[in-house]
Amino acid sequence: MKCKVVNKSNSLDYKQFSPLLSSFMKFAAKRFGFQKPPSLFFVSDAENAKLPLGKTAHYDPFSSEITVFTDSRHPKDILRSLAHELVHHKQNCEGQFEEMGDADE
């Protein structure tokens with residue numbers, strides 16, 4: 001499954017991570033059954049990484065974009081956060097977010 005990937009991370013070794021991501025996305029698309037892939041953004045946020053309960057990832061249902069924070073995180077933890085957000089993408093593709101209003105941060 002082809003999807004837009006933007007790596008804005010200062011800490012992610014994307015050359016090493018890319019094959020894992022490709023394999024994982026193929027698995028997830030088959031498992032979750034979504035036809036339209038989300039756009040993926042891997043980003044750094046040094047201040048967020050210092051927080052014990054900092055953000056790990058989020059999904060924007062209006063743009064079908066997943067943002068994953070990568071600083072101070074192991075690749076398998078990054079993929080775990082991505083998996084969680086892909087569940088929200090699946091829900092969005094199935095129309096489960098259509099009746100929702102705006103959610104605050």
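Residues numbered from 1 in each chain as written. Predicted model: local features only at pLDDT ≥ 70, side-chain atom pairs only at ≥ 80, totals over all residues. Heavy atoms only, no water.

Looking at unusual backbone geometry
Reasoning step 1: Although it is not a glycine, S64 sits at a positive phi angle of roughly 55 degrees.
Reasoning step 2: For S72, which is not glycine, the phi dihedral falls at a positive 60 degrees.
Reasoning step 3: Structurally, S72 is set in the loop between strand 4 (65-69) and helix 3 (75-93).
Reasoning step 4: On the basis of relative accessibility, which here comes to 71%, the residue S72 falls in the exposed class. (Helix = DSSP H or I, 4+ residues; strand = E, 2+ residues; numbered from the N terminus. Buried < 20%, exposed > 50% of the residue type's maximum accessible area, 1.4 Å probe, protein only.)

Focus on the packing of helix 1 (residues 14-32) against helix 3
Reasoning step 1: Look at helix 1 against helix 3: their axes get within 11 Å of each other, and the N-to-C directions meet at 30 degrees. Judged on the interaxial angle alone, helix 3 and helix 1 are roughly parallel. In this structure, helix 1 meets helix 3 at a crossing whose hand is right-handed. Mapping the contact onto sequence places F17, L20, L21, F24, M25, A28 and F32 in helix 1 and P75, I78, L79, L82, A83, L86, V87 and K90 in helix 3.
Reasoning step 2: Classifying every residue of the contact of helix 1 with helix 3 gives 14 nonpolar, no polar and one charged. (Axes fitted to C-alpha atoms, helices over the stretch in contact; angles between N-to-C directions. Parallel < 35°, antiparallel > 145°, perpendicular 65-115°, else oblique. Left-handed = near helix turned anticlockwise from the far one by under 90°. Contact = heavy atoms within 4.5 Å. Nonpolar A, V, L, I, M, F, W, Y, C, P; charged D, E, K, R; others polar.)

Let's talk about the side chain of S9
Reasoning step 1: Looking at the secondary structure, you find S9 in the loop between strand 1 (5-8) and helix 1.
Reasoning step 2: In this view, S9 contacts F42, V43, S44 and T70; residues no more than four positions away in its chain are not counted.

A short note on the nonpolar core
Reasoning step 1: Within the largest apolar cluster, 19 residues are counted, with the highest numbers of intra-cluster contacts made by F42, L82 and L86.
Reasoning step 2: Among the elements that take part in this core, helix 1 stands out by supplying six residues, more than any other.
Reasoning step 3: Residues in contact with F42, not counting those within four places in the same chain, are V5, V6, N7, K8, S9, L12, F17, L21, V68, T70 and I78. (Core = buried A, V, L, I, M, F, W, Y, C linked by side-chain atoms within 4.5 Å.)

As for the pattern of salt bridges
Reasoning step 1: This model, assessed by the stated rule, comprises four salt bridges.
Reasoning step 2: For D77, the salt bridge identified is with R73, shortest N-O distance 2.8 Å.
Reasoning step 3: Given a relative accessible area of 24%, D77 falls into the partly exposed group.
Reasoning step 4: Here the salt bridges share partners, and the residues they tie into one network are R73, D77 and R80. (Salt bridge = Lys/Arg side-chain N within 4 Å of Asp/Glu carboxyl O.)

Observations regarding the sheet that holds strand 3 (residues 57-60)
Reasoning step 1: One open sheet accounts for four strands, arranged 1-2-4-3; its pairing is mixed. Pairing within the sheet leaves two strands with one partner each, and these edge strands are strand 1 and strand 3. Between one strand axis and the next, the sheet turns by 15 degrees as a mean value, whatever way the strands run.
Reasoning step 2: Judged from the four bridges that link them, strand 1 and strand 2 (residues 39-43) form a sheet pairing that is parallel. Looking at the pairing, K8 lines up with V43 of strand 2.
Reasoning step 3: Across the sheet, helix 1 touches strand 1 and strand 2, and the angle it forms with strand 2 is around 150 degrees. (Pairing = 2+ DSSP bridges.)

By themselves, these are just geometric observations and shouldn't be taken as functional.
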